[in-house]
Amino acid sequence: MTPSFLDQLRTALRGKVHADLLTRGLYATDASHYQQIPTAVAIPQDEADLLAALRVAHAHGVPVTPRGAATALSGQTFGPGLVLDLGRLNHILEINPQKATARVQPGVVCDHLNAATEDHGLHFAPDPATGSRATFGGMIGNNSSGTRSVVYGKTIDHVVSCRVALADGTVARFDNAPLPATHATHDPEAAVAARLYAALQPVIQANRNAIVKRFPKVMRRVSGYNLDAFVPGAGHGWFYQNNPAMPPLAPHNLTPLIVGSEGTLGVLLEATVRLVPAPQAAALAIVHFDDDLAALRAVPQILTHHPSAVELLDRRVLREAATNPATRAMAGWVKQDPAAVLIVEFCDRFLTPENPANPADPANPTQQVAQHTQRFATTIANTPGVTHCSVITCPKRQRDVWETRKLGLGLISNVQGPVKGQAFVEDACVPVNQLADYIAGLQAACRERGVDYALYAHASVGVIHFRPELNLQRPEHVTFMRDIAEHAFVDVVARGGAFAGEHGDGVVRGVFIPRFFGPDVYAAFKQVKTLFDPDHLMNPGKIVDAPAMDDPTLLRYGPHYRVAEVFSQNDSTPHPTAFRHDAQGGFAAAVEQCNGVGACLKIGSGTMCPSYMATRQESHGVRGRANALRLAMSGQLGSDAAQSLASNELHDVLDHCLSCKACKAECPNAVDVAKLKADVQQLRHDRHGVSRQAKFIGSMPDHASKVSGFFAQPAAWLSQLGFVRALMQKRWGIDRRRPLPAMSSRPLRERHLPKPNPAAPRGPVVLFDDTYTRHFEPHLAQHAATLLTQLGYAVHLANAGCCQRPRLSQGLLRDAAAHGAKTLAKLDALNVGNPNAPILCLEPSCASALKDDLPDLVSDQALAQRVADRVQLIDAFLANTGRVTLKPEHANPLVHNHCHQKAVFDTNPQVDHLTAPACDAGCCGMAGAFG
């Protein structure tokens, strides 16, 4: 890196250019187990910015790696030079319903295009599990497919044309239009395409026979460059063979060469993609098996019924789905404890004359599909190994099944400790009739080494994501990875399969390409690379000249990885974090739970992550924050880990976290950034002292107890004065434009509630009077107590103190532990005639503090657990009584569920009470100090 490179880059771009170590570290990884720190990161604002960045990098000989959502599992989206974040090039340029096409920029997210085309009854068919954040640049670069590839094929089957920027900023347009002369000036983009096509022809002709021989004949093949697309009989064109009405691409259209090239030939500027009619009806058969190999042996028979998907989930995935906060409410479709299930989907578009549905009523696709699926379920029930088969026709329940399936990777990796299911043989594709034998061989190879494993995914096309569970920080496990990969590679080749069937080559499989394709085809790949990228600057080390899969300089968690001891500023002894993080096995293990797959990067659905949804910055997602913490605690941001954790740079990354805890429930790995942030805040306080703002907000319960009542009105009047607001902004960082909530002049007291009746027929309950209810809105407690009393309960006011949410939100964890222990002790000792009387909370963030945070913080864990077991939200308690029917005051209400309630409790009771749908409207902004 030279200063002139960065200076010129910043001058040439309107977008941001980052060269600080922390930001570069955030862009050093993807969802693979690799890491490579780049020289710089640029975020182009538009196409002109992108081309300018390429020209500057080319002039300085700096390698370039394009990057979308970086959900790659094989290690394609990092590099040693300039990383280009293409997330801002996210415009849908055109939707043409008549031609059934769309024109998109590389940063457009797959699900966003499908939402835009839904009204036309069309969709982009490839459906990777990461579709909520996968961008077209990444999907085209990786030749993505998905659960329904058995009927839709891969991305290559759906890309009509594209525009690509080469390493020097030159633009080529690949489409079906006739090519001009290579020296034409009236259409320079087409002229570049003509030059490349002319130079490619001798390469194809010289290697035609080798291409036919060495390219595998399975549909799911995404390795190397797609030279087979230009040689009849080489195996390309599966989708066209099965969809003869689809017009093929012109022979000179080099778009298939760009698809699957992993950013090694150029940077996608835009693409025209084919849209297909969306199915009108679907149904699922959930086939349970007592043996996973029996499930795989049943797949060929299942395919004769023309399903649109056949997905496998094994026992390890299913058991985790039943308990994981992200899936447990959706996993009721799994019965008992099967060894594996096959999710078999049927859609109306793929019912064939050989398998008629309901000839009596062909106009009713829902009924057609349901009857077809039921007949299939009856037939499959007699298959060896089948223990149960259920049919799901309800669209909502089908969504639950597919959401659980999409989170399969997270469910596999959500285990305590460094031993994780690793992605290195998960991508092989073998003929379906050999799938069970291939997987049996892999299982045996793992058992020989004492390695456990999990498996899931695309049984319909012979691609099972098989994940051996290894700890790559142990040298012998790195050896196991290499040995198991070698076993898999040899077996795949012997069976005529493809070693890369979905996730691509990247670092993990690139080293196998020369052996897989042979010297002639590999030499052709190198010629193609040089033709498009003469200086080999585009995403080096991918597809050609790849490093070893176990290169120690690239392993994110290799034998070199160490978590540094964290020392207090005021103490020479090791300084443990305040939270124990029992569920994950400690602070470091909690950080390392993030596998990089980026479920936090979705936009427009769920709650996680509100700050990322607002800013679209990598540093503001759960993945970015977890990566920043990992880099800091492992000494990669400086040898003094305590200093790095307490630094201003890390503070900036964490400061925009609202502490909404949505990640705890929606991240399949349950990475609770709110809790991690609080720990780091405490470390920062230890090193730099507690800020005035943190003290002010953390002690809000103390202020409220002194001001509410007699001083409430004067305080409200004073807070409206301009100089008072200016003082609060200067001293405590409270924005002068933000009015403070008014306290009550009549704070809550026990005498304000109905007197508990010892003979109440339904027994005692404890009403937790949180700080806000007691000092700001006491009428809420009064209404709750009145309702509970009328239902026959004896209501006892807790009067136990604060739940400590204000201190928790500011990282004042030792204070929170000390005060919280007193609150818990008072609740535990409260004599209401029943030691197990429910403790009812009105505010979800208080309930989550009592049930989730304090038990992981205070020293008396038995006490904390006793109290936590009694804590309930009042809506859930009322729902369980079965005696309350609420009538909304307004017609057609929507319920905006509380983020902490989603994270720790169940949101269904309040929705059911009001017989109103949940409103998934995003973040209300009230979590933590933001509220």
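What you are looking at is a predicted structure, and each value in this text was computed from that prediction instead of being measured.

**Regarding the overall build of the chain**
Item 1. Looking only at helices and strands, one finds 40 helices and 22 strands in the chain.
Item 2. Computed over the C-alpha atoms, the radius of gyration of the chain is 30 Å, within 12% of the 30 Å expected from 2.2 N^0.38 for a compact globule of 931 residues.
Item 3. Looking at the 931 residues of the chain, the share that counts as buried comes to 60%.
Item 4. Considering only contacts in the chain between residues 6 or more positions apart, those separated by 24 or more positions represent 74%.
Item 5. Counting every atom, the chain has about 36,300 Å² of accessible surface; 53% of that belongs to carbon and sulfur.

**Remarks on the confidence of the model for the chain**
Item 1. Scored by pLDDT, the chain comes out at a mean of 90, with 94% of its residues at no less than 70.
Item 2. The lowest-confidence element of the chain is helix α9 (residues 238-242), averaging 61 in pLDDT; the highest-confidence one is strand β4 (residues 82-85), averaging 98.
Item 3. Ignoring residues within four places in sequence, the model shows residues 354-360, a span with pLDDT below 50, making 14 contacts including any to other chains.
Item 4. Below pLDDT 50 for its whole length, residues 568-574 participates in ten contacts with residues either more than four positions away or in separate chains.

**Let's talk about empty space enclosed by the protein**
Item 1. In total, this model carries seven cavities of 30 Å³ or more according to the counting rule given.
Item 2. Its volume calculated, the largest cavity comes out at about 360 Å³.
Item 3. Contributing to the lining of the largest cavity are 24 residues, with K420, Q422, Y557, E592 and N595 lying nearest its centre.
Item 4. Every element with two or more residues in the lining of the largest cavity is listed here: α16 (408-413), β16 (420-421), β18 (463-470) and α21 (587-592).

**Overview of a positive patch on the surface**
Item 1. A cluster of like positive charges, contributed by R692, K695, K730 and R731, occupies part of the molecular surface.
Item 2. When residues of the positive patch are traced back to their parent elements, those giving at least two are α28 (692-698) and α31 (722-732).
Item 3. Of note, R692 is situated in helix α28.
Item 4. On the accessibility criterion, R692 (48% relative accessible area) is partly exposed.

**Describing helix α25 (residues 648-655)**
Item 1. By the burial criterion, the buried members of α25 are L650, V653 and L654. Taken around the axis of α25, the buried residues stretch over an arc of 90°, which confines them to a single face.
Item 2. Looking at the buried residues of α25, the elements they touch are α2 (21-26), α23 (622-633), α24 (641-645) and α27 (673-688).

**Looking at the environment of E47**
Item 1. Positionally, E47 belongs in helix α3 (residues 47-59).
Item 2. Separated by 41 residues in sequence, E47 and R88 place their C-alpha atoms 9.6 Å apart.
Item 3. The residues touching E47, leaving out its near neighbours within four places in the chain, are L89, R163 and L269.

**Observations regarding the state of the cysteines**
Item 1. If you walk through the whole model with that rule in mind, you get zero disulfides.
Item 2. Not part of a disulfide, C347 finds its nearest cysteine sulfur in C394, a span of 16 Å.
Item 3. Sulfur of C663: no disulfide; nearest cysteine sulfur belongs to C660 and is 6.2 Å away.

**Considering unusual backbone geometry**
Item 1. In this structure, the amide linkage connecting M608 to the following residue, C609, adopts the cis form with an omega of -10°.
Item 2. As for its placement among the helices and strands, C609 is situated in the loop between α21 and α22 (610-615).
Item 3. Even without being glycine, A70 reaches a positive phi, approximately 55°.
Item 4. For A70, the location among the structural elements is in the loop between β3 (64-67) and β4.
Item 5. A70 gets classed as buried once you look at its relative accessible area, which sits at 4%.

Parameters and conventions
The residue count restarts for each chain, going from 1 along the sequence in the order it is written. Per-residue local features of the predicted model are confined to residues with pLDDT of at least 70, and side-chain atom pairs are confined, for both listing and counting, to 80 or more; whole-chain, interface and lining totals are unaffected and use all residues. Here the side-chain values reflect all heavy atoms present in the structure, with hydrogen atoms and water set aside. Each helix is a run of H or I in the DSSP string that is no shorter than four residues. Each strand is a run of E no shorter than two, and both are numbered from the N terminus. Only C-alpha atoms enter the radius of gyration; for comparison, a globular chain is expected to reach 2.2 Å times N to the power 0.38, where N is the number of residues. Accessibility here uses a 1.4 Å probe with only protein chains present; expressed as a share of the type maximum, an area under 20% marks a residue as buried, one over 50% as exposed, and anything in between as partly exposed. Every residue pair with non-hydrogen atoms within 4.5 Å of one another is taken to be in contact. For the area figures, the Shrake-Rupley method with a 1.4 Å probe applies, and any residue is considered shielded solely by the protein chains shown. In predicted models, pLDDT denotes the confidence assigned by the predictor to each residue on a 0 to 100 scale. For cavity detection a 1 Å grid was placed over the protein atoms alone, and a set of points counts as a cavity when a 1.4 Å probe fits there but cannot get out; an open set counts as a pocket when protein lies on both sides within 12 Å along at least five of seven lines, with lining residues being those that have an atom within 4 Å of a point. Grid points are joined across faces, edges and corners, and a volume is the space filled by probe spheres set on the points. A patch consists of residues exposed above 30% relative accessible area that lack any salt bridge, with like charges linked at up to 9 Å and nonpolar side chains (Val, Leu, Ile, Met, Phe, Trp, Tyr) linked at up to 5 Å. Definition used for salt bridges: Asp or Glu carboxyl oxygen within 4 Å of a side-chain nitrogen of Lys or Arg. Charged residues are defined narrowly, with Lys and Arg counted positive, Asp and Glu counted negative, and His plus the chain ends left uncounted. Where a charge lies is defined by one atom per residue type, namely NZ (Lys), CZ (Arg), CG (Asp) and CD (Glu). Think of the arc as the fan of directions from the helix axis to the C-beta atoms. A pair of cysteine sulfur atoms is labelled a disulfide when the two atoms are within 2.5 Å.

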